[in-house]
Amino acid sequence: VSTQCFFRVNLKVMSEISAGPGTVNFTINRELLAKTVLQQVWKDGSAYGAKSELFSAVPRQKAVIEFSSPNIAKKFHIGHLRSTIVGNFIANLKVALGHEVVRINYLGDWGMQFGLLGVGFQTFGNKEKLKSSPLQHLFEVYVQINKAAEDENTKKLAKDFFRKLEERDEQTLSIWKQFRDLSIEEYIQIYKRLGVHFDEYSGESFYQEKAQEVLKMLEDKGLLQKTIKGTGIVDLSEKKDLSTVSTVMRSDGTSLYITRDLAAAIDRMNKHSCDSMIYVTDKSQSNHFQHLFQILKLMGYDWAERCQHVSFGLVQGMKTRRGEVIFLEDVLNEVRSRMLQNMTSTKTTKEINDPVETAEKVGLAALIIQDFRGLLSSDYQFSWDRALQSRGDTGVFLQYTHARLHSLEQIHGNAELADVNVACLQEPDAISVLQHLLRYDEVLYRSSQDLQPKHIVSYLLTLSHLVAVAHRTLPVKGSAPEVSQARLCLFHAARSVLANGMKLLGITPVNQM
Ligand code: ARG
């Protein structure tokens, strides 16, 4: 059976295959189905699906994944949030499938804005505030100095500050380094709330000097051309008629965003010798990455073909009560407080041990599912109300299903698969759940091919709907012991697969809500 085909027949669970006029009939052996699925879920646990034969021909690889990558002293916009959750998902998925992953956060930590920021801090800065809330304070200073930057003197001071930075003046560098270090420290804490971590915090600053080496290499390879204005360009057109060019050097000889990216890519490959390099940003940077990969190719780096830009669409209208989103923390606080309010109004918080933490996890699930439901490339209109609905296809519904399944096990205890008579799982609603569980590996496979989370999302939503039906028609309480044990096993398997899938998406399943 081809692993590529949309309709996959799992022969392990078939008892009969017969041909009719123009049709092929497959008969499922229900007992075999129950036994196969339940045993596999029990045996593989959190690796269920990932150990399927669908992946046996896929070689284990190493991927460098760059995501999130906010700019210091600037806004953390919704694009950065999307990059964070998408990159995290891709990394989780690859790790689950046995690949090695390096997670990189490439900060916007260099450029003229640091000249302004440096001068701004001398004028408006406060050391205490910088220590206690660096992201907020640096942003405020940056806004203030930008207003003042109209005047020529400030402009000159900022230029001087940045020039000293570029010349590696020790004192200037140490101020810059403090901005950077404190910002990273705060970011690490906030990412933790999202369940996200990075192996490396890199940034444009690292490649400032290396970018000069890249320019030298481009020149040596005859790829660098000078315009009349003195800027350096690379001709990317097929006919070499300058119909498509990429500017890699300013007229004063300094590097640009793309030059630093060239240096960063070469460095990453040298350091990690990976099989693939993935960049996750919104689609407004598609051209940038296309140019980046093209230049690398022209430079003779064949691995440029293994570089990939995973792009996503724009999200409109995400606002918090404080107004426009400026900090990641605002989004997290907002979703938590909105969810807490919903939970309190439906009076479910009483029995919960830690309602605030639960609200955060459920709220994040809501954000992630709203974002991951469609194709990543599509734009969408953000809505708190739609995301946080308890009914319908939301992250709240997934969390609710998980909590409900968990409490079933709390009440009735864990069933032991070894003692269970799978023949008790004959009802159509049980079979539907089992058949769905059997197909989990297929959605993992699909998502691993196109790196789209939507396959897993719709799978988990369907699973939750099937479970809701089974919950109604297949009671555990009040059934004969043999039947209720078998059903408990079925629900346990459903919870286990649901939890696995949620974790891949970056959601922490809750046990109560
Ligand atoms: N800091 C950039 C921004 O906020 C994103 C960086 C993307 N990664 C890269 N290697 N260029 O737009």
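Residues numbered from 1 in each chain as written. Predicted model: local features only at pLDDT ≥ 70, side-chain atom pairs only at ≥ 80, totals over all residues. Heavy atoms only, no water.

Each helix and strand counted, the protein chain has 18 helices and 14 strands in total. Projected onto the principal axes, the alpha-carbon positions of the protein chain cover approximately 85 × 55 × 35 Å. Taken over 513 residues, the protein chain has a buried fraction of 53%. Relative to all contacts within the protein chain whose residues are 6 or more apart in sequence, the contacts with residues 24 or more apart total 73%. Of the roughly 24100 Å² that the protein chain leaves accessible, carbon and sulfur atoms contribute 50%. Distance between charge centres in the protein chain, computed from 61 positive and 58 negative side chains, equals 3 Å. (Helix = DSSP H or I, 4+ residues; strand = E, 2+ residues; numbered from the N terminus. Buried < 20%, exposed > 50% of the residue type's maximum accessible area, 1.4 Å probe, protein only. Contact = heavy atoms within 4.5 Å. Areas by Shrake-Rupley, 256 points an atom, 1.4 Å probe, with all protein chains shown as cover. Lys, Arg positive; Asp, Glu negative; His and termini not counted. Charge placed at Lys NZ, Arg CZ, Asp CG, Glu CD.)

Let's shift gears to the sheet that holds strand E6 (residues 224-226). Across a sheet, paired strands are connected by hydrogen bonds in the backbone, their directions being either parallel or antiparallel. Strand order in the open sheet formed by three strands is E6-E7-E8, with antiparallel pairing between adjacent strands. One side of each edge strand has no neighbouring strand; the edge strands of this open sheet are E6 and strand E8 (245-249). On average, each strand axis in the sheet is tilted by 45° relative to the strand beside it, whichever way the strands run. Packing against the sheet, helix H10 (residues 286-298) makes contact with strand E7 (232-235) and E8, and its axis sits at approximately 80° to E8. (Pairing = 2+ DSSP bridges. Axes fitted to C-alpha atoms, helices over the stretch in contact; angles between N-to-C directions.)

Right, let's talk about the UniProt feature "domain: DALR anticodon binding" (unreviewed entry) in the protein chain for a bit. Taken from the UniProt record, the annotation "domain: DALR anticodon binding" (unreviewed entry) applies to residues 398-513. Within residues 398-513, the helical portion is 71% and the strand portion 0%, while the C-alpha atoms at the span's ends are 11 Å from each other. (UniProt positions renumbered as here; feature names shortened; annotations may be inferred.)

Around the ligand lies a shell formed by Glu66, Ser69, Asn71, His80, Tyr106, Tyr257, Asp261, Tyr279, Thr281, Gln285, His288 and Phe289. Within the contact set of the ligand, a nitrogen atom lies 2.7 Å away from a side-chain nitrogen or oxygen of tyrosine 257. Here the ligand loses 90% of its free accessible area of 350 Å² to cover by the protein chains. Mapped by element, the contributors of at least two residues to the shell around the ligand are helix H9 (257-272), strand E9 (276-282) and H10. (Near = heavy atom within 4 Å. Polar contact = N/O pair within 3.5 Å; in protein donor to acceptor, adjacent residues only side chain to side chain.)

A word on a nonpolar patch on the surface. A cluster of nonpolar side chains, contributed by Leu11, Ile17, Val24 and Phe26, occupies part of the molecular surface with about 360 Å² of accessible area. Assignment of secondary structure puts isoleucine 17 in strand E1 (residues 14-20). The exposure class assigned to isoleucine 17 is partly exposed, which follows from its relative accessible area of 46%. (Patch = residues over 30% accessible without salt bridge, like charges linked within 9 Å, V, L, I, M, F, W, Y side chains within 5 Å. Salt bridge = Lys/Arg side-chain N within 4 Å of Asp/Glu carboxyl O.)

What the rule picks out here adds up to 20 aromatic pairs. Ring geometry for tyrosine 279 against phenylalanine 293: centres 5.8 Å apart, planes inclined by 40°, an arrangement best described as tilted. Pair noted here: tyrosine 279 is in strand E9 and phenylalanine 293 is in helix H10, with a separation of 14 residues, a long-range link. Taken individually, tyrosine 279 and phenylalanine 293 each receive the classification buried, so the pair is uniform in this respect. Three or more aromatic residues link up through ring pairs in this structure, and these residues are Phe67, Phe76, Tyr187, Tyr191, Phe198 and Tyr201. (Phe/Tyr/Trp six-rings, centres within 6.5 Å; stacked < 30°, edge-to-face > 60°.)

Take unusual backbone geometry next. Even without being a glycine, serine 68 presents a positive backbone phi close to 75°. The topology assignment puts serine 68 in the loop between strand E3 (62-66) and helix H2 (78-96). If you check the backbone angles, serine 273 has positive phi at about 25° while not being a glycine. Position of serine 273 among the secondary structure elements: in the loop between H9 and E9. Look at serine 273 and you get exposed, because its relative accessible area is 57%.

The next thing to look at is the sheet that holds strand E4 (residues 100-107). Strands sit in the order E5-E4-E3-E9-E10 across an open sheet of five strands; the sheet is parallel. Bordering the open sheet on either side are strand E5 (200-203) and strand E10 (307-312), each of which pairs with just one other strand. The mean angle between the axes of side-by-side strands here comes to 25°, regardless of whether they run parallel or antiparallel. Looking at chain direction, E4 and E5 are connected through four bridges and run parallel. Looking across to E5, one finds that isoleucine 104 is bridged to glutamate 200.

Moving on to the environment of glutamate 305. Locating glutamate 305 in the fold gives a position in the loop between H10 and E10. Sequence spacing of glutamate 305 and threonine 320 is 15 residues, and the spatial spacing of their C-alpha atoms is 41 Å. At a separation of 3.0 Å, a polar atom in the side chain of glutamate 305 contacts the side chain of lysine 297.

Below, the discussion takes up the side chain of serine 255. By the element assignment, serine 255 lies in the loop between E8 and H9. A polar atom in the side chain of serine 255 sits 3.3 Å from the side chain of arginine 260. Once residues within four sequence positions are removed from consideration, serine 255 is found in contact with Gln208, Ala211, Gln212, Val248, Arg250 and Arg260.

Our focus in this paragraph is the domain arrangement of the protein chain. Segmentation of the protein chain into domains returns domain 1 (11-47 + 328-505), domain 2 (65-105 + 199-312) and domain 3 (109-194). Using only C-alpha atoms to locate each centre, domain 1 and domain 3 end up separated by 47 Å. Taken together, the contact between domain 1 and domain 3 spans seven residues of the former and five residues of the latter. Joining domain 1 to domain 3, the criterion identifies one salt bridge. Glutamate 360 is the partner of arginine 193 in a salt bridge, and the nearest nitrogen-oxygen pair spans 2.8 Å. (Domains from an automatic or database assignment.)

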